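# Structural overview for review
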Amino acid sequence: GVYVYVCECVCVWYIHINLIANLSNHNQLMELAGLSVAQALTDFAKTTPSNEAPGSKKRILILAGPGNNGGDGLVAARHLWHFGFQPTVVYPKQV
């Protein structure tokens, strides 16, 4: 329930702060965050029914905004591609 969600948020925040303190490079942090998201989505997809044809890549939509969180989304998309998904990235900010 809600309690588990709050605990998870606090734990993630604590881990995030410790990673920032211990990593020498924000690119490393972004890479780890994107990989973690991709792994979590892969685990979720294994337990979720799919309408895709057998043997086809599962499609996934990633909404990535500007800033570091958007960068995490782009990294996650790259990892998801290598994990056998077909990611589509929507980046609404003009580049």
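Heads up: the structure comes first, above all this text.
Residues numbered from 1 in each chain as written. Predicted model: local features only at pLDDT ≥ 70, side-chain atom pairs only at ≥ 80, totals over all residues. Heavy atoms only, no water.

Now for the overall build of the protein chain. A count of helical and extended segments in the protein chain gives 3 helices and 2 strands. Scanning the protein chain from its N terminus toward the C terminus, one meets helices and strands in the order α-α-β-α-β. Within the protein chain, the fraction of its 95 residues that count as buried is 19%. A total of about 7200 Å² of accessible surface is found on the protein chain, and carbon and sulfur atoms cover 63% of it. (Helix = DSSP H or I, 4+ residues; strand = E, 2+ residues; numbered from the N terminus. Buried < 20%, exposed > 50% of the residue type's maximum accessible area, 1.4 Å probe, protein only. Areas by Shrake-Rupley, 256 points an atom, 1.4 Å probe, with all protein chains shown as cover.)

Another point: a nonpolar patch on the surface. On the surface, a cluster of nonpolar side chains totalling about 300 Å² of accessible area is made up of Leu61, Leu63 and Val90. Following the sequence through the fold, Val90 ends up in strand S2 (residues 85-90). Judged by its relative accessible area of 35%, Val90 is partly exposed. (Patch = residues over 30% accessible without salt bridge, like charges linked within 9 Å, V, L, I, M, F, W, Y side chains within 5 Å. Salt bridge = Lys/Arg side-chain N within 4 Å of Asp/Glu carboxyl O.)

Moving on, we get to the nonpolar core. Core analysis: the biggest nonpolar cluster contains 7 residues, these being Ala38, Ala45, Ile60, Ile62, Ala77, Leu80 and Phe85. Setting aside chain neighbours within four positions, we find Ala45 in contact with Lys58 and Phe85. (Core = buried A, V, L, I, M, F, W, Y, C linked by side-chain atoms within 4.5 Å. Contact = heavy atoms within 4.5 Å.)

It is worth spelling out the layout of surface pockets at this point. Of the volumes computed, that of the second largest pocket is approximately 220 Å³. What lines the second largest pocket is Leu41, Phe44, Ala45, Thr48, Pro49, Ser50, Asn51, Glu52, Lys58, Arg59, Ile60 and Phe85. Residue assignment for the lining of the second largest pocket shows that the elements contributing at least two residues are helix H2 (26-46) and strand S1 (58-63). A per-class count over the lining of the second largest pocket returns 6 nonpolar, 3 polar and 3 charged. (1 Å grid on protein atoms, 1.4 Å probe; cavity = no way out; pocket = protein on both sides within 12 Å on 5 of 7 lines; lining within 4 Å. Points joined across faces, edges and corners; volume = space filled by probe spheres on them. Nonpolar A, V, L, I, M, F, W, Y, C, P; charged D, E, K, R; others polar.)

Time to look at the environment of Gly71. Within the secondary structure, Gly71 sits in helix H3 (residues 68-82). Spatially, the C-alpha atoms of Gly71 and Gly34 are 8.0 Å apart, while their sequence positions differ by 37 residues.

Moving on: the side chain of Thr42. When you line up the elements, Thr42 lands in helix H2. Discounting residues that sit within four places of it in the chain, Thr42 has contacts with Leu80, Phe83 and Phe85.

Below, the discussion takes up the packing of aromatic side chains. Under the criterion given, the structure shown has 0 aromatic pairs. One Lys or Arg, Lys57, reaches over the ring of Trp81 and ends 3.3 Å from the middle of that ring. (Phe/Tyr/Trp six-rings, centres within 6.5 Å; stacked < 30°, edge-to-face > 60°. Lys NZ or Arg CZ within 6 Å of the ring centre and 35° of its normal.)

Our next topic: H3. Helix length check: H3 (15 residues) gives 22 Å between terminal C-alpha atoms against 21 Å at 1.5 Å per residue, within 8%. Taken as a whole, H3 has its buried residues at Gly70, Gly71, Asp72, Gly73, Val75, Ala76, Ala77, His79 and Leu80. Packed against the buried residues of H3 are H2, S1 and S2. One or two positions beyond H3, positive phi appears at Gly84, with a value near 100°. (Expected span 1.5 Å × (residues − 1).)

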